[in-house]
Amino acid sequence: MKRTITIATTLVAILAMSFLQQCEKKEKRTIRVYGSTTIEPFMKKAVKEFGKAEHIDFSIDAMGSKSGIDSLIDGKCDIAMSSMEILPEQSTLATKKGVSIKPFLLAYDIIVPIVHPSNIVSDITFDNLKNVFEEKIRRWSALGGADTIIDIVDRTDASGTHEVWHHYVEPFHAKGDISTFRQTSSSVLAYVSEHQNAIGYVSNAFMNPEVKPLKVDGVAVIENDAMVTQYHLKRPLYLYVNEEKFDVDRDVRNFVIFMIINERGRKLIRESGFFYLSWAGPYHPQLP
């Protein structure tokens, strides 16, 4: 009888251990991806497909490109998505903390100036676009539109889109009284769609029929991919990782490979409104 009980107890213990091992195998890890609001819609599609196949959970926080890189340096995320290059001061901070930041070029994006659909202005020269955001041109009538004050909508400086826009269009931002500020691309779209005299800018990935894109020097990239090389406002999109952790983290490494090299990942990039390097011409930014 005792032997039977011992055997039964042993079997129960083996089954319990087996069950625990299975639970451990099925337990999902979480990859933290923080940063750009521009890349966020694509990232949500990518994690949905990759996470389902690999049994991995993801935590996405579109806090802005700068904040995403800061979080990576502080060890608070595994991947930083950014619509701008890492800033010199961020590189310096990373070095001080002993963190080696590795960049991956994900795709290229274009930034599109947008107006209300009722605005009769459809084309603007690059010089005039700069003059508008520098508040040298303050009325639509100077551009062939109505005799009304131009309502400028800008992004806050936590945004990578803001950083790139001001690098090319308005290096010295006066922050005048006529500017309205919004934190996200979606909120810029909402504002411009509701204000007839507004002008703002968003990533091509966020374009919708509720606003009208302006051609810049006659170029409308969203109508013709081949014209990307002629467009003033194109920029690289990056994924940044902690190089030391990346080299030993198979899940993060496989996810980055899925997005950049895998055929399905590349298709998701294009479906999200971004462009490949080969389409974007000979523009190769200096990587940190």
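### Digging into the nonpolar core
Logical step 1: In terms of nonpolar packing, the biggest core is built from 40 residues, with L129, V132, F133 and I199 touching the most fellow members.
Logical step 2: Of all the secondary-structure elements, those providing two or more residues to this core are β4 (101-115), α5 (126-133), β6 (151-155), α6 (160-168), α7 (185-194) and β8 (198-203).
Logical step 3: Of the residues forming this core, the biggest block, six residues, is contributed by β4.

### Focus: the packing of helix α9 (residues 250-260) against helix α10 (residues 263-271)
Logical step 1: At a minimum axis separation of 5 Å, α9 and α10 run at an interaxial angle of 60°. Here α9 is positioned oblique relative to α10, judged by the angle of their axes. Contacts between α9 and α10 involve F258, M259 and I260 from the former and R264, G265, R266, L268 and I269 from the latter.
Logical step 2: Of the residues that constitute the contact of α9 with α10, the class distribution is five nonpolar, one polar and two charged.

### Let's talk about the side chain of S65
Logical step 1: For S65, the position within the fold is in helix α3 (residues 65-73).
Logical step 2: What makes S65 buried here is its relative accessible area of 1%.
Logical step 3: Beyond its immediate chain neighbours, meaning those up to four positions away, S65 contacts G35, S36, M81, S82, S83, M84, A158 and G160.

### Examining the packing of aromatic side chains
Logical step 1: Across all of its chains, the model carries nine aromatic pairs by this definition.
Logical step 2: Three or more aromatic residues joined by ring pairs make a cluster, and in this case those are F50, F58, F255 and F258.

### What to know about the layout of surface pockets
Logical step 1: Size it by volume and the largest pocket reaches roughly 290 Å³.
Logical step 2: M84, E85, E163, V164 and H167 are, among the 13 residues lining the largest pocket, the residues nearest its centre.
Logical step 3: Only α6 and β11 (234-242) provide two or more residues apiece to the lining of the largest pocket.
Logical step 4: Per-element tally for the lining of the largest pocket: the top contributor is α6, with five residues.
Logical step 5: Tallied by class, the residues present in the lining of the largest pocket amount to seven nonpolar, three polar and three charged.

### Overview of the pattern of salt bridges
Logical step 1: If you walk through the whole model with that rule in mind, you get eleven salt bridges.
Logical step 2: The salt bridge partner of E49 is R264, with a shortest N-O separation of 2.8 Å. Residue E49 is located in helix α2 (residues 40-54), and its partner R264 is located in helix α10; the two are separated by 215 residues in the primary sequence.
Logical step 3: Of the residues examined, E49 reaches a relative accessible area of 32% and is grouped as partly exposed.
Logical step 4: Between E134 and K136 there is a salt bridge whose closest N-O contact spans 3.2 Å.
Logical step 5: According to the relative accessible area criterion, E134 is partly exposed, its value standing at 24%.
Logical step 6: Through salt bridges with shared partners, one network takes in R29, D249 and D251.

### Thoughts on the side chain of N119
Logical step 1: When you line up the elements, N119 lands in the loop between β4 and β5 (123-124).
Logical step 2: When residues no more than four places from it in sequence are discounted, the contact partners of N119 are W140, Q196 and K212.

### Looking at the confidence of the model for the chain
The predicted structure's coordinates, where accompanied by low pLDDT, should not be read in detail.
Logical step 1: Within the chain, residue pLDDT values average 84, and 82% of them lie at 70 or more.
Logical step 2: Ignoring residues within four places in sequence, the model shows residues 4-26, a span with pLDDT below 50, making zero contacts including any to other chains.
Logical step 3: In the model, residues 279-288 has pLDDT below 50 throughout and makes 29 contacts with residues more than four positions away in sequence or in other chains.

### Focus on the environment of I73
Logical step 1: Here I73 is to be found in helix α3.
Logical step 2: Taking relative accessible area as the criterion, I73 reaches 4% and is therefore assigned buried.
Logical step 3: C-alpha of I73 to C-alpha of N242: the two residues are 169 residues apart in sequence and 7.6 Å apart in space.
Logical step 4: Once residues lying within four places of it in the same chain are set aside, the contact partners of I73 are Q90, L93, A94, K97, V99 and I101.

### Regarding the packing of α2 against α9
Logical step 1: Where α2 contacts α9, the two axes come as close as 11 Å, and the packing angle between them is 120°. Between α2 and α9, the angle is such that the two are oblique. The two elements α2 and α9 meet at a crossing, and its hand is right-handed. Facing F42, M43, A46, V47, E49 and F50 of α2, the residues of α9 in contact are D251, N254, F255, F258 and M259.
Logical step 2: Class assignment of the residues belonging to the contact of α2 with α9 gives a composition of eight nonpolar, one polar and two charged.

Conventions we followed
Here the residue numbers are simple positions, counted from 1 along each chain's written sequence. At least 70 in pLDDT is required for a residue's local features to be given in this predicted model, at least 80 for side-chain atom pairs to be given and counted, and no such filter applies to totals for whole chains, interfaces and linings, which use all residues. The side-chain quantities take in all heavy atoms of the structure and omit both hydrogens and water. Residues belong to a common nonpolar core when they are buried Ala, Val, Leu, Ile, Met, Phe, Trp, Tyr or Cys residues joined through side-chain atoms within 4.5 Å. Partly exposed residues are those whose accessible area sits between 20% and 50% of the maximum for their type, while under 20% is buried and over 50% is exposed, using a 1.4 Å probe and protein chains only. Secondary structure follows DSSP: runs of H or I at least 4 residues long count as helices, runs of E at least 2 residues long count as strands, and numbering of each begins at the N terminus. Helix axes use the C-alpha atoms of the stretch in contact, all axes being lines fitted to C-alpha atoms, and the angles between their N-to-C directions lie in the range 0 to 180 degrees. Throughout, the term roughly parallel applies to angles under 35 degrees, roughly antiparallel to angles over 145, roughly perpendicular to angles from 65 to 115, and oblique to all others. The contact rule is simple, with two residues in contact once any of their heavy atoms fall within 4.5 Å. Residue polarity is assigned by list, with Asp, Glu, Lys and Arg as charged and Ala, Val, Leu, Ile, Met, Phe, Trp, Tyr, Cys and Pro as nonpolar; anything else, Gly included, falls into the polar class. Only the six-membered ring of Trp is used, alongside the rings of Phe and Tyr, when aromatic pairs are assigned; centres must lie within 6.5 Å, and planes under 30 degrees apart are stacked while those over 60 apart are edge-to-face, with the rest tilted. The method works on a 1 Å grid over the protein atoms by themselves. A cavity is a set of points holding a 1.4 Å probe that cannot get out, a pocket is an open set with protein on both sides within 12 Å along at least five of seven lines, and residues with an atom within 4 Å of a point line them. Grid points are joined across faces, edges and corners, and a volume is the space filled by probe spheres set on the points. The salt bridge criterion pairs a side-chain nitrogen of Lys or Arg with a carboxyl oxygen of Asp or Glu, the two atoms within 4 Å. Along the chain, pLDDT gives the predictor's confidence residue by residue, from 0 to 100. By the definition used in this description, the sense in which the near helix is turned from the far one sets the handedness, with an anticlockwise turn below a right angle giving left-handed and a clockwise turn giving right-handed.

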